[in-house]
Amino acid sequence: GESVGLHLPTLSVQEGDNSIINCAYSNSASDYFIWYKQESGKGPQFIIDIRSNMDKRQGQRVTVLLNKTVKHLSLQIAATQPGDSAVYFCADSNNNAGNMLTFGGGTRLMVKP
Amino acid sequence: DSGVTQTPKHLITATGQRVTLRCSPRSGDLSVYWYQQSLDQGLQFLIQYYNGEERAKGNILERFSAQQFPDLHSELNLSSLELGDSALYFCASSAGLAGVSGELFFGEGSRLTVL
């Protein structure tokens, strides 16, 4: 499942710094959002999710923020590590669309040692 | 390891040919999803099955078809292959309907190269 060849926006951060990856969605009816991480050679892996009745949710070293007013989602990674280097995808769904997940284009995170 | 198994991992074939990609979902998962990941389009949803029945259809070409068998494994059939069909094809599974009950679990993909 490598995504090395994907033409993606890239975020480069120093090891130990915090990373913020942004995602805009278009469907105002979307009510469920997920972040996935795809490492080279692997399939996407779930990181964290959030429902539209929340605006913030925290996991281990990760926080997802949801701003429904401007249809914006962000993933914050604290103390970024080399193992965080990957492509990150956001996805959204809504009850009216049969809960089908629609993925964004992805952002490549590169962590510099 | 997500528990989702896809075969083959790599496949090289010629234009005009037909291939079948196979997916075994996580034990107990009823939903299977197929996604295509190409260079310029990210993850594109193709089709979803739930307990043997087609549930949702995305941007799946008429040359492509899929099915889910009674044992819940799924196959994606790609026919009359074109160069533009070269991509990574992912299968994912979930216990219920993703978007309602939570995450999808992805396999490691089948890389198809059409020459």
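Once a new chain begins, its residue numbering starts again from 1 and follows that chain's sequence as written. Each chain is given a letter, starting from A, and each ligand a number, starting from 1, according to the order in which they appear as written. In view of the model being predicted, local features appear only for residues whose pLDDT reaches at least 70, and side-chain atom pairs are presented and counted only at 80 or more, with totals across whole chains, interfaces and linings using the full set of residues. Side-chain numbers here rest on the full set of heavy atoms in the structure, without hydrogens or water.

(A) Molecular detail of the sheet that holds strand β5 (residues 56–58) of chain A. Residue and element names in this part refer to chain A. Strands qualify as paired when DSSP identifies two bridges or more between them. Numbering goes from the N terminus for both helices and strands, where a helix is a DSSP run of H or I of at least four residues and a strand is a run of E of at least two. Judged by pairing direction, the sheet is antiparallel, and its four strands sit side by side in the order β2-β7-β6-β5 without closing on themselves. Strands with a single pairing partner mark the edges of an open sheet, and in this sheet they are β2 (19–24) and β5. The average undirected angle you get between the axes of adjacent strands in this sheet is 15 degrees. For helices, the fitted axis covers only the stretch in contact; all axes are lines through C-alpha atoms, and the angles between them, taken along N-to-C directions, range from 0 to 180 degrees.

(B) The arrangement of the sheet that holds strand β8 (residues 74–78) of chain B in detail. Residue and element names in this part refer to chain B. Read across the sheet, four strands follow the order β1-β3-β8-β7 without closing on themselves; strand pairing throughout is antiparallel. Both outer strands of the open sheet, β1 (5–7) and β7 (64–68), are each paired with one neighbouring strand and no more. Direction aside, neighbouring strands of the sheet carry axes that sit 15 degrees apart on average.

(C) Main features of the layout of surface pockets. Site definitions follow a grid-based scheme: protein atoms alone, a 1 Å grid, a 1.4 Å probe that fits but cannot get out for cavities, and for pockets an open set with protein on both sides within 12 Å along at least five of seven lines, plus lining residues having an atom within 4 Å of a point. Grid points are joined across faces, edges and corners, and a volume is the space filled by probe spheres set on the points. The computed volume of the largest pocket comes to approximately 320 Å³. If you trace the largest pocket, you find 16 residues lining it, with Gly43(A), Gln45(A), Asp1(B), Ser2(B) and Phe106(B) closest to the centre. Within the lining of the largest pocket, the residues separate by chemical class into six nonpolar, four polar and six charged. Think of it as three bins: nonpolar holds Ala, Val, Leu, Ile, Met, Phe, Trp, Tyr, Cys and Pro, charged holds Asp, Glu, Lys and Arg, and polar takes everything else, Gly as well.

(D) View of the packing of aromatic side chains. Residues and elements named next belong to chain A. Aromatic rings from Phe, Tyr and Trp, with only the six-membered ring used for Trp, were paired whenever their centres fell within 6.5 Å, and each pair was classed as stacked if the ring planes differed by under 30 degrees, edge-to-face if by over 60, and tilted otherwise. Applying the stated criterion across every chain, the model contains 11 aromatic pairs over all chains. With a centroid separation of 6.3 Å and an interplanar angle of 85 degrees, the aromatic rings of Tyr-36 and Phe-46 are classed as edge-to-face. Of this pair, Tyr-36 sits in strand β3 (residues 32–38) while Phe-46 is found in strand β4 (residues 45–51), placing the two residues 10 residues apart along the sequence. Burial here depends on accessible area, computed with a 1.4 Å probe over protein chains only, as a share of the maximum for the residue type. Under 20% is buried, over 50% is exposed, and the range in between is partly exposed. Residue Tyr-36 is classed as buried on the basis of its relative accessible area, which comes to 0%. Here Phe-46 falls in the partly exposed class, since its relative accessible area comes to 24%.

(E) Broad picture of the pattern of salt bridges. A pairing counts as a salt bridge when a side-chain nitrogen of Lys or Arg comes within 4 Å of a carboxyl oxygen of Asp or Glu. A full pass over the atoms with the stated rule returns six salt bridges over all chains. In this structure, Glu39(A) and Lys42(A) form a salt bridge, with 4.0 Å as the shortest nitrogen-oxygen distance. By relative accessible area, Glu39(A) is classed as partly exposed at 23%. Judged by relative accessible area, Lys42(A) falls into the partly exposed class, the value being 41%. Here Arg61(A) and Asp84(A) are joined by a salt bridge, their closest N and O atoms 2.9 Å apart. On the criterion of sequence distance, the pair formed by Arg61(A) in the loop between β5 and β6 (62–67) and Asp84(A) in the loop between β7 (72–77) and β8 (86–93) is long-range, its members being 23 residues apart. Look at Asp84(A) and you get buried, because its relative accessible area is 7%. Residues joined in a network through salt bridges with shared partners are Arg63(B), Glu82(B) and Asp85(B).

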